[in-house]
Amino acid sequence: MKIVTIIGTRPQFIKAATVSRKLKDFNDMKEIIVHTGQHYDDNMSDIFFKELEIPQPDYYLGIGSGSHGVQTAHMLEKIEDVLIKEKPDVVLIYGDTNSTLAGTLAASKLQIPVAHVEAGLRSFNRKMPEEINRIVADHVSDLLFAPTKVAVNNLINEGIAEDRIYYVGDVMFDAAIFYGEKAGQQSKILETLDLKPKEYILSTIHRAYNTDIPERLKTIFNALCKIGKDITIVMPLHPRTKAALLREGLYEKVSEKLKIIEPVGYLDMVKLEKNAKLIITDSGGVQKEAFFYKVLCVTLREETEWVELVDLGWNYLVPPDCEKFIEESIRKVLNAPHGLDAEPYGDGKAAEKIVKVLRKYLL
Ligand code: UD1
Ligand code: UDP
């Protein structure tokens, strides 16, 4: 049985690492990895392949950055070539990026079955490019692997046949368990950055609607700079955000107030997350990792796909439109009690379950 896995961005490398590891247990399952090249800097791509021991991609498409249309179109064209050549039994796609969309379209038009890992998430905000990508991916996929029960219900509510939906849990929870301990032992990032456990805030910002609207970018970073006077804020800076801060002439000022660092590898990131007093983010993955490591999280967005975390009191949604409101909200959460105990993301065996379903479907 031949599986083509399509990945291209940082969170997809992390998700795919968990399933690839399980696929290796079976000699009769051959995985071909296609890296679209959507993320290409060493610290956004190569480092994850090395640290997570993902097999080197069989195809590197080298697409790089571009507008949504250009980027997706170039990927679509090249993925189609690979699929025609490889003739896989199934195409495995992850999450909600443009690489996901291109992989989905290329496969479904060639009538190759599509399996979507992280199906059913919805923000119900169609201004997000990711929301469009997810809806398309879910509606043309043959197998939908949902990370949460809420995701299962979203799919059913959209009329997707129940026999295509599998609640398996979240592969990022698998990754958190598998690499969490390793990070504790191997990462020296706290020493390198001279940080003490629970005496700093970790922050990541990269959503297009937070970085690409200058007013909102300023609002967010002004608020963070104010908080940064009282407690160290460490920010591994996504290249999109760096470009936006430079464009708006904010980069220098922000670098003086916050501890800005280059994007880090997964093990360093996990170590930073585990030891943070608070996490402030707009990332999907980082919101959940905060919960996995029992750290409170402020999400600078109006809505989230991971609603369980808000309900359980681990995640606070703070719409990023007013500097004073952001600052006050963060200060409140710094003193808030922990959320409730629960396990909404499965049992840490999502990847194993995905491989089991794939085998049953294909063999
Ligand atoms: C993409 C995904 C987003 C995901 C994020 C994970 C889409 C629509 N968005 O957003 O859902 O949360 O990845 O990080 O697919 N850049 C570099 N070097 C790199 C990669 C990007 O400099 O290696 C810069 C380029 O200026 C580029 C910008 O970052 O234009 C944005 O990159 P892109 O891949 O288009 O979107 P992300 O914001 O990374
Ligand atoms: N991450 C990382 N290094 C960083 C920032 C993030 O390894 O400098 C990891 C993080 O731990 C999580 C994933 O990248 O597992 C999240 O990716 P990102 O925030 O880019 O995308 P999203 O999850 O929002 O799609």
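Residues numbered from 1 in each chain as written. Chains lettered and ligands numbered in written order. Predicted model: local features only at pLDDT ≥ 70, side-chain atom pairs only at ≥ 80, totals over all residues. Heavy atoms only, no water.

- As recorded in an unreviewed UniProt entry, the protein chain goes by UDP-N-acetylglucosamine 2-epimerase and comes from Caldanaerobacter subterraneus subsp. tengcongensis.
- The UniProt entry for the protein chain carries the following text under Sequence similarities (unreviewed entry): "Belongs to the UDP-N-acetylglucosamine 2-epimerase family." (UniProt positions renumbered as here; feature names shortened; annotations may be inferred.)

1. Digging into the overall build of the protein chain
Logical step 1: Looking only at helices and strands, one finds 17 helices and 13 strands in the protein chain.
Logical step 2: A globule of 363 residues ought to have a C-alpha radius of gyration of about 21 Å, and the protein chain, at 20 Å, matches this closely.
Logical step 3: C-alpha extents for the protein chain along the principal axes are approximately 60 × 40 × 40 Å.
Logical step 4: In the protein chain, which comprises 363 residues, the proportion classed as buried is 59%.
Logical step 5: Expressed as a percentage of contacts within the protein chain between residues at least 6 apart in sequence, the contacts between residues at least 24 apart total 70%.
Logical step 6: In the form shown here, the protein chain has an accessible surface area of approximately 15,200 Å², with 51% of it arising from carbon and sulfur atoms.
Logical step 7: For the protein chain, the separation between the mean place of its 47 positive charges and that of its 53 negative charges on side chains is 1 Å. (Helix = DSSP H or I, 4+ residues; strand = E, 2+ residues; numbered from the N terminus. Rg over C-alpha atoms; globule rule 2.2 N^0.38 Å. Buried < 20%, exposed > 50% of the residue type's maximum accessible area, 1.4 Å probe, protein only. Contact = heavy atoms within 4.5 Å. Areas by Shrake-Rupley, 256 points an atom, 1.4 Å probe, with all protein chains shown as cover. Lys, Arg positive; Asp, Glu negative; His and termini not counted. Charge placed at Lys NZ, Arg CZ, Asp CG, Glu CD.)

2. So, the nonpolar core
Here is a general trend for soluble globular proteins: nonpolar side chains tend to be buried in one another's company.
Logical step 1: The biggest cluster of nonpolar side chains holds 103 residues, and the ones touching the most others in it are Val19, Phe145, Phe221, Leu224, Leu272, Leu278 and Leu358.
Logical step 2: Aside from chain neighbours lying at most four places away, what touches Leu272 is Ile189, Leu190, Leu193, Leu195, Tyr200, Leu202, Ile261 and Val264. (Core = buried A, V, L, I, M, F, W, Y, C linked by side-chain atoms within 4.5 Å.)

3. Some thoughts on the layout of surface pockets
Logical step 1: Here the second largest pocket defines a volume of roughly 170 Å³.
Logical step 2: Considering the residues around the second largest pocket, the lining is formed by Asn125, Lys127, Tyr209, Ile213, Arg216, Arg301, Glu302, Glu303, Pro320 and Asp321.
Logical step 3: Its residues assigned to classes, the lining of the second largest pocket comprises three nonpolar, one polar and six charged. (1 Å grid on protein atoms, 1.4 Å probe; cavity = no way out; pocket = protein on both sides within 12 Å on 5 of 7 lines; lining within 4 Å. Points joined across faces, edges and corners; volume = space filled by probe spheres on them. Nonpolar A, V, L, I, M, F, W, Y, C, P; charged D, E, K, R; others polar.)

4. Some remarks on the site of ligand 2
Logical step 1: Taken together, 19 residues lie around ligand 2, and Arg207, Val264, Ser283, Gly285 and Glu289 are the ones closest in.
Logical step 2: At 2.9 Å from an oxygen atom of ligand 2 is found a side-chain nitrogen or oxygen belonging to Arg10.
Logical step 3: Take Gly284: an N or O atom from its main chain is 2.9 Å from an oxygen atom of ligand 2.
Logical step 4: With the chains in place, 95% of the 530 Å² that ligand 2 exposes on its own is no longer accessible.
Logical step 5: Elements with a contribution of two residues or more to the shell around ligand 2: α1 (10–23), α13 (266–275) and α14 (284–292).
Logical step 6: Here the shell around ligand 2 takes four residues from α14, the largest share from any one element.
Logical step 7: Considered class by class, the residues forming the shell around ligand 2 number ten nonpolar, five polar and four charged. (Near = heavy atom within 4 Å. Polar contact = N/O pair within 3.5 Å; in protein donor to acceptor, adjacent residues only side chain to side chain.)

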